[in-house]
Each structure stands twice: as C-alpha cells, then as structure tokens.
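If you want the building blocks of each chain, they are given just below.
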Amino acid sequence: MKAKLIKKLSFVLYEDKFPPRYYSISKSFLRFLLFGLPTLTLVCLIILAAGGIYFKQIQRLAERKEPTIIKKLKDEKNELIRSQEDISKERDRLQKKLSEGLQSDSGLSSLGLFKQSAGRKDLSSSPEMQLEDIEVFSKPDIVSINFKIVNMTKNDSRLTGYIFIVMQIQDNIQVWPSGAFDNEAMQISFANGEFFATSRFRPVRADFRKLPGKTALFKVVILGRTGDLIFKQLISKPI
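This is a predicted model, so every value here is computed, not measured.

### Some remarks on the sheet that holds strand β4 (residues 142–151)
In step 1: Read from one edge of the open sheet, three strands run β3-β4-β10, paired in antiparallel fashion. The strands lining the two open edges of the sheet, one partner per strand, are β3 (129–138) and β10 (201–209). When the angles between neighbouring strand axes are averaged without regard to direction, this sheet yields 15°.

Shown next as structure tokens:
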C-alpha cells in the first residue's frame with residue numbers, strides 16, 4: 001500500500017459551497033503532462049514546419065520548371081510547323097519537277113552515275129553550305145574521310161538532302177553509302193544517299209576499302225530532297 005502511495009500524488013480540492021474532494025494522480029501521468037505532452041507538441045510543430053518548407057520548395061521548383069517546359073513545348077511546336085512547311089514546299093517543288101519532265105543540262109554532267117530525275121537542276125554554283133575540317137586517314141585495309149557540312153544559309157535555315165561520296169584510286173571507284181549503288185541498274189538513286197538535316201553543321205565519316213595507289217580522289221556530292229544538285233566538291237589526298 002505504501003509503495004502504491006509513493007507512486008501517486010494526492011491532493012484535496014476545496015471549493016466554496018462544495019465539500020472537499022480528493023484526487024490522486026500517478027507520477028508517470030504527471031510527467032507526461034509536464035514533459036511528454038509539450039515535447040510531443042514541439043515535435044509535431046517541427047514536423048509541420050519542415051513539411052511546409054518542403055512543399056514550398058517543391059512549389060518553387062515547379063514554378064521554375066514551368067517556363068522551361070512551356071518553352072520546350074513551344075520549340076517542339078515551332079519545329080513541327082517548320083517541318084510541315086518544308087514538306088509542303090518540297091511537295092510543290094516535286095510536283096513542278098514532274099510536270100517539267102526530264103531535262104538535259106550540261107551542268108549535271110558530273111552526275112553520270114546517278115539515275116535521271118525529272119526537272120533536276122544544278123544549284124551547286126551558289127551553295128548554301130561548305131565543307132570544313134576535312135581529314136583523310138589511311139590504314140592498312142581502310143581509307144576514311146571525315147569532314148563537317150557547315151550550314152551557310154541566312155538565319156540558319158535548315159538544310160536537308162542526301163550525301164554521296166565517290167572515291168577513286170587509279171582506275172577503281174567506290175561509292176559511299178555502300179548500299180547506294182544499284183548493281184542491276186549500274187546507277188545510283190539519289191534517295192539512297194545518307195540523309196541529313198541540320199541548322200548548324202553535320203559531321204560525316206565515310207570508310208572505303210583501301211586499294212593499291214598513292215592518291216585518293218574524293219568527290220562529295222549532295223543532292224536536295226527532290227534530286228537537285230546542291231553541292232559538289234573534289235578532294236585529292238595522298239594515302
């Protein structure tokens with residue numbers, strides 16, 4: 001009985017017009033009221049404050065990302081619009097070429113290996129691109145040529161077309177891409193080239209089988225989407 005009384009705190013409450021009342025509270029419950037409850041309240045307040053700060057940071061991060069996402073969507077939309085405009089222009093040019101039929105033009109004599117294309121024109125006299133960083137590497141079995149096609153158009157308009165490279169060593173000729181040459185027709189279709197589209201520059205690497213000889217002559221030919229000759233350049237390098 002004494003042990004139980006020691007673990008409790010007792011007090012008598014006197015009120016006017018009421019008889020005295022006796023109360024007993026355990027020490028553990030009193031400690032909870034004096035220390036545990038304030039501590040628990042403080043912990044809850046800290047958690048709520050930390051949660052508020054965390055969600056505030058998420059909100060700020062979302063607000064920062066929102067303009068980036070909107071800008072990305074606008075850029076994608078503009079790119080789709082430009083692509084649609086390019087497709088419409090190429091369709092119109094192709095329809096015009098088909099209506100003109102096949103033409104003979106001495107300026108296209110360098111395309112003797114290529115299949116004829118209706119209404120094809122030679123636009124290479126005023127090219128909208130140039131080759132930079134031209135390098136030729138010779139290994140025991142392979143000859144490689146590297147260069148960059150640099151866009152020279154006003155306002156960085158997008159260039160599109162098909163790239164062909166013809167390598168000649170002595171009397172031997174090879175064509176890149178390797179699948180561009182039709183062995184049955186013994187000609188090259190302009191749509192079988194390496195397609196490219198760029199607003200700035202496009203790196204190109206072409207590998208050829210090395211053949212006996214000391215000098216390699218490369219002819220870089222670029223045709224437009226409708227078959228026009230838009231660029232040509234001869235490159236001679238020792239190997």
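Back to the text.
### Regarding the side chain of Q174
In step 1: Residue placement: Q174 occurs in strand β6 (residues 172–176).
In step 2: Relative accessible area serves as the criterion here: at 15%, Q174 is assigned to the buried category.
In step 3: A distance of 2.6 Å separates the side chain of Q174 from the backbone oxygen of R209, its partner in a polar contact.
In step 4: If we skip the residues at most four places from it in the chain, Q174 touches I165, V166, M167, F208, R209 and L211.

### What to know about the packing of aromatic side chains
In step 1: If you walk through the whole model with that rule in mind, you get three aromatic pairs.
In step 2: Here F208 and F218 contribute two aromatic rings whose centre-to-centre distance is 6.0 Å and whose plane-to-plane angle is 55°, an arrangement assigned as tilted. Taken together, the residues F208 in strand β10 and F218 in strand β11 (residues 215–223) connect sequence positions ten residues apart.
In step 3: Its guanidinium or amino end placed over the ring of F201, K148 lies 4.7 Å from that ring's centre, counting from NZ or CZ.

### Side note on unusual backbone geometry
In step 1: The omega torsion of the bond from W176 to P177 falls at 0°, within 30 degrees of zero and hence cis.
In step 2: Examined against the element boundaries, P177 turns out to sit in the loop between β6 and β7 (181–182).
In step 3: Positive phi outside glycine occurs at D133, with the angle close to 55°.
In step 4: Looking at the secondary structure, you find D133 in strand β3.
In step 5: One non-glycine residue, Q170, lies in positive phi territory at about 55°.
In step 6: With respect to the helices and strands, Q170 occurs in the loop between β5 (159–169) and β6.
In step 7: Q170 gets classed as exposed once you look at its relative accessible area, which sits at 55%.

About the cut-offs
- Residues numbered from 1 in each chain as written.
- Predicted model: local features only at pLDDT ≥ 70, side-chain atom pairs only at ≥ 80, totals over all residues.
- Heavy atoms only, no water.
- Pairing = 2+ DSSP bridges.
- Helix = DSSP H or I, 4+ residues; strand = E, 2+ residues; numbered from the N terminus.
- Axes fitted to C-alpha atoms, helices over the stretch in contact; angles between N-to-C directions.
- Buried < 20%, exposed > 50% of the residue type's maximum accessible area, 1.4 Å probe, protein only.
- Polar contact = N/O pair within 3.5 Å; in protein donor to acceptor, adjacent residues only side chain to side chain.
- Contact = heavy atoms within 4.5 Å.
- Phe/Tyr/Trp six-rings, centres within 6.5 Å; stacked < 30°, edge-to-face > 60°.
- Lys NZ or Arg CZ within 6 Å of the ring centre and 35° of its normal.

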